[in-house]
2 protein chains.
Amino acid sequence: MRIVSNLMDTLFNPSSVAVIGASLNPNKLGYSILKNILDYGFEGKIFPVNIKYDNILGHKVYRSILDIEEIIDDAIIVIPANIVNKVVRECAQAHVKNAIIISSGFKESGEGGRIREEELINIAKEGNLRIVGPNSLGIISSKNKLNATFASEQSAPLLGNIYLLSQSGAVATSMLDWARENNIGFSRFVSIGNKADFSENDFIEDTKEGEIVAIYLESLKDGKILRKIAEKITQKNPIVVLMPGKSKKIGSIMMSHSGSMATDHILLSTLFKQTGMIEVDSLEKMFNVIKTLSFSNTLPKGNKTAIITNAGGPAVITTDTLMQENMELASLEDETQNNLKKILPEQSNVHNPIDLIGDAQEDRYSNAIKIIGKDKNVDNIIVILTPQITTQVEKTAESISKLSKEINKNIFVSFIGGYSVQKGIQILDQARIPNFPFPEQAVYTIHKLYKYTQYKENAKEENIEQPQDTTRSNTILEIFQHFKDTKVLDPYSADSILKNVGIPTPQVIQIKSLEEANNASQKIGYPVVMKLSSEKILHKSDVNAVITDINNYNELEYAYKIIYSSLQKINDNNASIIIQKQILGGVNVIVGMVKHANIGNLILFGMGGVYTQLFKDISTRLSPISKRNVLQMINETKASYLLRGYRGDKPKDIDKLVDLIITVSNISQEYPEISQIDINPAIILNKGSGIYCVDSKIILE
Amino acid sequence: MRIVSNLMDTLFNPSSVAVIGASLNPNKLGYSILKNILDYGFEGKIFPVNIKYDNILGHKVYRSILDIEEIIDDAIIVIPANIVNKVVRECAQAHVKNAIIISSGFKESGEGGRIREEELINIAKEGNLRIVGPNSLGIISSKNKLNATFASEQSAPLLGNIYLLSQSGAVATSMLDWARENNIGFSRFVSIGNKADFSENDFIEDTKEGEIVAIYLESLKDGKILRKIAEKITQKNPIVVLMPGKSKKIGSIMMSHSGSMATDHILLSTLFKQTGMIEVDSLEKMFNVIKTLSFSNTLPKGNKTAIITNAGGPAVITTDTLMQENMELASLEDETQNNLKKILPEQSNVHNPIDLIGDAQEDRYSNAIKIIGKDKNVDNIIVILTPQITTQVEKTAESISKLSKEINKNIFVSFIGGYSVQKGIQILDQARIPNFPFPEQAVYTIHKLYKYTQYKENAKEENIEQPQDTTRSNTILEIFQHFKDTKVLDPYSADSILKNVGIPTPQVIQIKSLEEANNASQKIGYPVVMKLSSEKILHKSDVNAVITDINNYNELEYAYKIIYSSLQKINDNNASIIIQKQILGGVNVIVGMVKHANIGNLILFGMGGVYTQLFKDISTRLSPISKRNVLQMINETKASYLLRGYRGDKPKDIDKLVDLIITVSNISQEYPEISQIDINPAIILNKGSGIYCVDSKIILE
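Residues numbered from 1 in each chain as written. Chains lettered and ligands numbered in written order. Predicted model: local features only at pLDDT ≥ 70, side-chain atom pairs only at ≥ 80, totals over all residues. Heavy atoms only, no water.

A.B. asks: Tell me about the packing of helix α21 (residues 627-635) of chain B against helix α23 (residues 654-670) of chain B, residues and numbers included.
C.D. replies: All names here are of chain B. As a packed pair, α21 and α23 sit with axes 10 Å apart at the nearest point and diverge in direction by 115°. With respect to each other, α21 and α23 are oriented roughly perpendicular. The two elements α21 and α23 meet at a crossing, and its hand is right-handed. Note on element contacts: α23 touches α21 through I654, L657, V658, I661 and I662, opposite K627, V630, L631, M633 and I634. Classifying every residue of the contact of α21 with α23 gives nine nonpolar, no polar and one charged. (Axes fitted to C-alpha atoms, helices over the stretch in contact; angles between N-to-C directions. Helix = DSSP H or I, 4+ residues; strand = E, 2+ residues; numbered from the N terminus. Parallel < 35°, antiparallel > 145°, perpendicular 65-115°, else oblique. Left-handed = near helix turned anticlockwise from the far one by under 90°. Contact = heavy atoms within 4.5 Å. Nonpolar A, V, L, I, M, F, W, Y, C, P; charged D, E, K, R; others polar.)

A.B. asks: Break down the packing of helix α10 (residues 312-324) of chain B against helix α15 (residues 439-460) of chain B for me, citing the residues and quoting the values.
C.D. replies: All names here are of chain B. Their axes nearest at 9 Å, the elements α10 and α15 cross at an angle of 25°. Relative to α15, the element α10 is oriented roughly parallel. By crossing handedness, the relation of α10 to α15 is classed as right-handed. On α15, the residues touching P314, I317, T318, T321 and L322 of α10 are P439, E440 and V443.

A.B. asks: If you had to explain the relation of the copies chain B and chain A to someone new, which residues and values would you point to?
C.D. replies: Rotating chain B by 180° and moving it 0.0 Å along the rotation axis overlays it on chain A with an RMSD of 0.2 Å. Within this description, the copies of the chain are treated as partners about a two-fold rotation axis. Judged by C-alpha distance, B:F615 is the residue of chain B that lies nearest the rotation axis, at 4.0 Å. The fraction of interface residues of chain B whose copies in chain A are also interface residues reaches 100%, indicating that both copies meet through the same surface. (Least-squares fit on C-alpha atoms with pLDDT ≥ 70 in both.)

A.B. asks: Before we move on, could you go through the interface of chain B and chain A and cite the residues and values that matter?
C.D. replies: Contacts between the two partners involve 69 residues from chain B, matched on the other side by 69 residues from chain A. Both faces combined, the contact of chain B with chain A buries some 5,900 Å², and carbon together with sulfur accounts for 59% of it. The largest per-residue losses of area from chain B upon contact with chain A belong to B:I389, B:L614 and B:R647, which jointly make up 12% of the total buried on that side. Summed over the shared surface of chain B and chain A, the number is zero salt bridges. Listed by contribution, the elements that provide at least two residues to the side of chain B that touches chain A are α2 (29-39), α5 (169-181), α9 (283-295), α10, α14 (419-430), α15, α20 (610-615) and α22 (639-643) of chain B. The element best represented in the side of chain B that touches chain A is α10(B), accounting for nine residues. (Buried area = accessible area lost by both parts, 1.4 Å probe. Salt bridge = Lys/Arg side-chain N within 4 Å of Asp/Glu carboxyl O.)

Shown next as structure tokens:
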């Protein structure tokens, strides 16, 4: 008896599979899939289905899924697109549990295909049948000896712990092929295809103990669900993700100041970072990170790295890369240095990087590794070997392999060269020692993994800030009502909303004449700012709609003339002129929020004013956020230097800035009507003196 | 008869070589070197020298160089350091032309070694003998069948066009080994070692037609000479350079505003860029660029790149990388698209990237390459292959190899995978088609080579700006005289120098009392700036030494109190207070100059004020510079956006800014007494309204 705990388990561990479209022609995918299933040693029952044949590869062929008397767990469908839906309907009728649809000609191929896929989804729902694909390369479950893909025979995976999800069949075949050569094994593989039903979210949620998730993605099914799932999974399993498409500026999703910055790419990177997914930006880096995770059971405990080398040059390059990645070159303990002195030639360097000198043989490498292995200041060891005439490539590889199991550090190896080092690399691969053609790649990999270690540690003590008072303000709802058609709030109304939720804004008075302006300015006190308040002006600085530094009545009169003439030009009956207290001093920052239907509410922070756009010095998180997240956000920007007190300047009121960012995050949760908030500038005064949000824009959904 | 045109030719093409320290013991370098010379087929005469033996490897052994009756061209010296100088003296006596000193134990090994090396240099000079090394791995001249190194036998180089110079023996052995596996050949190789005599400059100058220079450097012998030599060589031969050490912040060489930015690394990168050297920052990139230059005779003519692929995913990653490197995804001609339609399946994409679909076989690749080969909008083609079940790896590799000779485009190939693509890669290597394990590396390489193409084109029309009037001003020389001990000029004197060379500065009046301040302000007109002028204050904004925006007498009085109290604090008898016209509006920039003894005068430009240091948005060139260089400098910074008129602002007076930068470059040439100039801010007003240098610092050598 076999106990099936859930649908996914049946998918990966079926008792019976049908190959609908199995073929006798070795050039057809229907042949390759059946052959792969047989060759990989599947132990369940196999039912080829094809109207044309009686027997394929020694198996009786059925004319239809309906002719099979047993209940089929997985049906692999590899037939022309135009008959897929008909066959899937038959599968539902036959109580097939999962259909893995290899056939293309669906959503990816235009309008006709899109309609076909819609229909397919409905058939599956009604028939209570789950679908992988369509347009999938298939699935593999190494443990269960199931290879239901058309990947070429020579790249059939070894058994291992990589759980590979790929939205591109081609990337997957390259990875399987590369992995085989590098002695890397897989637990499972799914080519998710068009994800009409099962998506990356379902598969990630199904991650099993000890699996390393590797994902190549081209789109997200649902970013909000992914966030919840990934946050949970990354506590135990690493998730490595490669999602290209940075260059596709899918369009700026924020119309106001922060402008073209908040593209989808920023949203995605924020999502990955905040959920602890390990994002890589090239295939090469993906391969290196996966190889390391697959080979090594332990993540780097810290970033303090020692370099052992028989060549100065590559050590310098490696040190450079360490510094660029903000990692630490370990300072060796005195005892370590003394012990190194005993075993190394006189002219060797006993500081880090440790240069064993060009004539180093296996013993010098071994001794150095043993000594460094005991140093408490070292977390990681990078061992570099260049093929000198006396170098013992294979013997050294063997020793490193042996020692890596004996010492309590992460070892990363780079044998640099061609023919002369090949056999050494094979030994390292066999012993599952992370190794790289160039030491720079080792550094990059350690950095990525160490950041994941840090994420896991921090995530334990995360306290997400959520709105405490969940009663929604009537004043705010009335303002929403008033702008429900035009969507863009005028500055006066945006200000009112901020005031209502307790965000400090400077005193402001609406005026209708120069006389009223004078009275307002006297009341508020010079210097003042005069603004045109209209929902029609977003970039006010472009149209003479803001005049600052008004110091006296003469300047006020001059300002009024200009603003009044702008007022007449813009043709907006609801427009008004406002006088605002001018806030002197402080650091100008931007705090913003952009809502994204698929991924969530993105919170932005950065340097304010003209520099926001020029330097794109912006940090981002998804709401809800923790206080620690907010402090990280601030520290990630150059604005933080100004806030901490730059060049003798007094430190600014960072506490109040943190409150502001959390409040913006909270109102984005409480008032889903809001699509964008853009406070620029918020002026952060000296510590204890608070902050003022001087200019705000709010846009409704 | 053999005609020797110069010393270098003798070095690389000797009639006779002696190996001093030749050995019978296969573990000794003296054995390896002699064996390499014999195995590589050297056709000249070979004289082993060793006091201990009579015969090594079938060659008569001499007890001393003085015992050999012939004149020796190259003596390879591989004996303990403490007897090297004695033996070199004998070599000089025996009229040996070149000594290649393998022995270490010189400058690299501390004070004793340094003294030994000094002595060696003197012996060589007196004896009219040239030296390679010491601490060298040796030299190779493939054409002349000379391998006088101790590199391992299996990495002995193939004949080719790479001219490799390496300051690290280990990097060199790794490169030779890697090159052999990748079918890359060398014309010559020199391990330059400690460069006691011959340095990188001599070897670069000796570059022969058709050679590709590849240099691994750890220090510069003389940057100014390198600039002159490299500028000439790069007109014909590419020079690829890897020089690690970025992380070694050797110390900030500029004490004033521009601060810690102008480190040695910036100087080096500026030198490489301005001389057209192709700088790479990792071994992997070095290898890729060299491989491509070695295989392909033609540089990319442009950056318009087409991608042909059997997989969507890698094409998206490649496009991303193209965009990141500011390269262009080629827009295909209509005719190309029509022709592609004819040969590709219906669902294929006939736009760039051209997706041949997963089942593409050799014919589809060939046809697509032929069609793209005729498109005038395409400069480069990247061909990507992933191993699908129907992919014809070897056949496709053969076709690409054939076609690359027939079409007039640069082809770069990436077969992504492991076992399945290995044979294809071998075919490409044999046919000398640039190919990379990952397509991202192809993009990086094209980018580097295209920048070199651009450099060569621009260099043709380069007009270096040099001082025209070379009479030195007495006023300036007097100021130098006055500050000859303290070195740091006070702002008033710095201003005077700028005025003297025709750089616009705001009107300034020295004052001694509030009354004088009032008179000065009335004369100049409010608003004014009050400054403390003292050589003791470099960061004036840190010590209440500058007050801006003084609008009236009240504010003037208040300012005077503050500045006067600072004046009393600083304890400088030469200090004074100055009143300066306040310049309103404009864009603040920094223009600076830092002199570096080895490399030259570095000219800096960037955004001024507090942002200079915060964003490190600085561009640099070495003086002298061309007008085109200056415009490039400006365009490389974000300040250029502000200068061109940002968000409706008027364009600024870039012409006058260009003049300013050229003037700063020129005075750095005319007045070598100056060590640093730091104008921050220079205010650039609207086009036609000129510029003002508001605050300047000058430091003497």
